[in-house]
Amino acid sequence: MAATSLALTACGGGSDTAAPSSPSSAAPSSAAPAAQGDGTLTLGTLLPQTGSLAFLGPPEFAGVDLAVKEINEAGGVLGKEVAKIHTDSGDTTTNIASQSVDNLLAQKADAIIGAASSSVSETVIDKITGAGVVHFSPANTSDKFTTIADQGLYFRTSPPDKLQGRVLGDLIVADGNATVAIMAMQDSYGTGLADQVAKTVQDGGAEVVARVDYDPKAADFAADIAKIKAENPAGIVLIGFEETAKVINELVKQGLPADKHKWYMVDGNTSNTNYVKMPKGTLNGVKGTIPGAAAPEDFQKKLLAVDPDLEDFSYAPESYDAANLIALAAEAAKSDAGTAIAAKLAEVSKGGEKCKDFPTCVELLKAGKDIDYDGVSGPVEFNDAGDPAVATIGIYQYGDDNKYGTKAIEYRTGNIEG
């Protein structure tokens with residue numbers, strides 16, 4: 001019902017908010033340092049090999065690896081093979097991300113793809129953009145990045161949480177939950193997404209009877225769950241990362257299982273690895289939202305050829321598109337310098353002749369054509385803030401094995417400012 005009012009289109013089918021700072025721009029400002037390219041496009045990755053989002057790392061690395069493989073097979077960028085350097089982002093409990101960025105900058109990375117966590121990206125964005133390097137995340141969803149001071153060098157293929165929050169809130173109301181409790185990790189990702197879900201639920205006529213913002217590093221969540229149990233909500237929203245497994249164990253322990261209360265999760269905790277050791281059926285029927293359109297079967301097969309151990313494909317399309325867009329922007333700019341790439345990213349994402357892969361798009365560029373890259377994750381089409389103007393959210397559902405299918409039960413596409 002609210003899908004219409006939110007400018008969302010339902011299609012049947014298969015990580016963070018703070019006070020805004022100065023507006024961002026998709027083109028670099030005069031304050032951006034004049035970085036000089038060396039003729040070789042060097043892509044660095046800052047993605048989770050360890051930490052609370054480590055389950056997202058494999059598909060993201062695979063997406064970048066596949067893109068670079070195809071780019072180099074097509075002749076590379078500016079006549080040279082693209083160089084690739086993988087590093088670990090860790091999470092906010094460590095200093096791994098900062099050390100990784102130092103390593104990438106020392107090796108003259110022109111663009112850095114990552115982090116997955118919005119909070120991690122916040123800790124390094126000044127260091128990356130201050131060096132005149134493109135900071136491009138495939139998975140940051142914090143609304144904060146829309147207005148963050150980034151010298152025009154920050155971009156993302158994943159949509160801000162205002163869209164995911166609207167889709168999830170609409171789903172909760174449509175499922176008939178008159179009373180809702182929200183349990184969210186206390187950082188800019190968790191509280192920002194919780195705020196949007198709460199607003200949408202209330203606008204839809206349901207009542208948020210409990211809201212608990214918790215410390216994800218807490219030893220246990222007994223007291224937090226007790227507050228939710230006291231309100232006996234019909235629906236329970238869980239917004240967090242890997243600590244959600246502990247939260248779920250406590251929900252069950254206190255008599256709030258998924259077969260009596262409808263549970264909902266988000267991209268940060270909708271995982272196919274985090275809950276598989278739980279008793280069979282613990283998550284049966286639980287729904288979760290993950291930004292991104294359906295990954296086509298042929299794309300999944302290509303990813304599995306890169307990494308045969310992949311268990312899901314979350315953010316692989318966004319990572320793949322990020323690498324392709326950076327490469328195409330470098331070709332359009334005839335430079336691998338970060339500031340030059342940033343100045344062309346919006347241009348190659350919209351308004352020209354549509355193309356869907358690097359080989360096709362680069363031939364059009366070499367022929368002097370303006371291009372519009374439509375990716376695996378969606379049309380992308382950067383707005384002035386470096387956000388995708390239109391995006392898709394998939395709604396997934398867990399089965400009796402505590403895993404969700406790689407194809408969503410529904411996809412909803414909408415404008416970010418809908």
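Cut-offs and rules
Residues numbered from 1 in each chain as written. Predicted model: local features only at pLDDT ≥ 70, side-chain atom pairs only at ≥ 80, totals over all residues. Heavy atoms only, no water. Pairing = 2+ DSSP bridges. Helix = DSSP H or I, 4+ residues; strand = E, 2+ residues; numbered from the N terminus. Axes fitted to C-alpha atoms, helices over the stretch in contact; angles between N-to-C directions. Contact = heavy atoms within 4.5 Å. Phe/Tyr/Trp six-rings, centres within 6.5 Å; stacked < 30°, edge-to-face > 60°. Buried < 20%, exposed > 50% of the residue type's maximum accessible area, 1.4 Å probe, protein only. Disulfide = S-S within 2.5 Å.

(A) Fine view of the sheet that holds strand 2 (residues 42–47). Here we have five strands laid out as an open sheet, ordered 3-2-4-5-6, and parallel in their pairing. Edge positions in the sheet fall to strand 3 (83–88) and strand 6 (154–156), since each of these pairs with one other strand and no more. Here the strands of the sheet are splayed against their neighbours by 20 degrees on average, with no regard to which way each runs. Pairing geometry for strand 5 (residues 134–137) and strand 6, over three bridges, is parallel. When the bridges of strand 6 are listed, serine 137 appears paired with arginine 156. The strands touched by helix 2 (residues 57–73) are strand 2, strand 3 and strand 4 (111–114); relative to strand 3, the strand with the most contacts, the crossing angle is about 175 degrees. Those strands touched by helix 11 (residues 338–349) are strand 5 and strand 6, and its axis lies near 50 degrees from that of strand 5.

(B) Structural view of the packing of aromatic side chains. This structure, assessed with the given rule, holds 11 aromatic pairs. A centroid spacing of 5.9 Å and a plane angle of 70 degrees characterise the contact between phenylalanine 136 and phenylalanine 382, whose relative ring orientation is edge-to-face. Placement of phenylalanine 136 in strand 5 and of phenylalanine 382 in the loop between strand 13 (371–373) and strand 14 (390–397) is noted, with a sequence separation of 246 residues between them. Grouping residues by exposure puts phenylalanine 136 and phenylalanine 382 together as buried. Put simply, the rings of Tyr275, Tyr396, Tyr398, Tyr404 and Tyr411 touch in pairs and so form one group of aromatic residues.

(C) Region of interest: the state of the cysteines. Considering all chains together, one arrives at one disulfide under this definition. Each sulfur in the disulfide pair cysteine 355 and cysteine 361 lies 2.1 Å from the other. With the S-S bond torsion at 110 degrees, the cross-link from cysteine 355 to cysteine 361 turns out right-handed. For cysteine 361, a relative accessible area of 0% puts it in the buried group.

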